[in-house]
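Structural overview for review
So the chains spell out like this:
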Amino acid sequence: MTSAAIRHVKRKEARAFVAKYHSHHDAHVGEIYALGAYVGALLVAVVVAARPVAATLDTGDVWEVTRLCVGPEAPHCTASRLLGRIGRIATLSGVERMVSYVRVDEPGTCYAAAGWVPVALTKGRPHTTGNRSLRWLPHMYEPSSEVIDRVRMERGPGVKRGAVSWDGARWIGGADA
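Rules used in this analysis
- Residues numbered from 1 in each chain as written.
- Predicted model: local features only at pLDDT ≥ 70, side-chain atom pairs only at ≥ 80, totals over all residues.
- Heavy atoms only, no water.
- Core = buried A, V, L, I, M, F, W, Y, C linked by side-chain atoms within 4.5 Å.
- Buried < 20%, exposed > 50% of the residue type's maximum accessible area, 1.4 Å probe, protein only.
- Helix = DSSP H or I, 4+ residues; strand = E, 2+ residues; numbered from the N terminus.
- Phe/Tyr/Trp six-rings, centres within 6.5 Å; stacked < 30°, edge-to-face > 60°.
- Lys NZ or Arg CZ within 6 Å of the ring centre and 35° of its normal.
- Pairing = 2+ DSSP bridges.

1. What about the nonpolar core?
In this structure, Val65 and Met98 are the most contacted members of the largest nonpolar core, which totals 31 residues. Elements represented by at least two residues in this core include exactly β2 (33-39), β3 (42-50), β4 (62-70), α2 (78-92), β5 (97-103) and β7 (150-155). If one sorts the elements of this core by residue count, α2 sits on top with six residues. Counting residues in hydrophobic clusters, the runner-up holds ten residues, among them Ala14, Tyr38, Leu43 and Cys69.

2. Quick word on the packing of aromatic side chains
Scanning the model with the defined rule gives three aromatic pairs in all. With a centroid separation of 5.3 Å and 90° between ring planes, the pair formed by Tyr111 and Trp116 is classed as edge-to-face. As far as the burial class goes, Tyr111 and Trp116 line up, both buried. A cation sits over an aromatic face here: Arg7 above Tyr38, 3.8 Å from the ring centre.

3. Points about the pairing of β4
The side chains of a regular strand alternate between the sheet's two faces. Most of β4 is tucked away: eight of the nine residues are buried. Across six bridges, the pairing between β3 and β4 is antiparallel. The residue bridging Val47 from the neighbouring strand is Leu68, located in β4. In this sheet, β5 lies alongside β4 in parallel orientation, the contact comprising three bridges. Bridge assignment links Val62 to a residue of β5, and that residue is Arg97.

Limitation: the analysis is restricted to geometry and does not speak to function.
Right, dumping it as structure tokens:
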């Protein structure tokens, strides 16, 4: 079985990979740190950490995994290895908590394998708040993701599992206010 080497990936390379392989998002805009998984010289997966999208979480000691993208050539468990590594890098950087969001129809197995826990359900909404709606010319904005509820996964000291559970088809339970 081939194993992937995990190391820093340049922003341009990470963005190109996400644009090519991500199932429901365009390439990311900002980042604090990005890791790539390589089999030889071939990039097979990326994880990108950035400032949290939610203003209430943007306290300076929280990072958000904004993209996790695994290509078809990635060895088994590559996603969980990337999530575990980015979590350890965040901890070494003084980050208290990491957050990420998984669609309610995805089990988030790689997150659980990397030590992340489900904390809460969040209601899906379009990303048109704040200055997002002002960035584009009228009628030229196209969202990069469908509006769907998500479960917030977290990692860090003191993070406790929320009142959410996987029923075999989707996440159910308590929601954020």
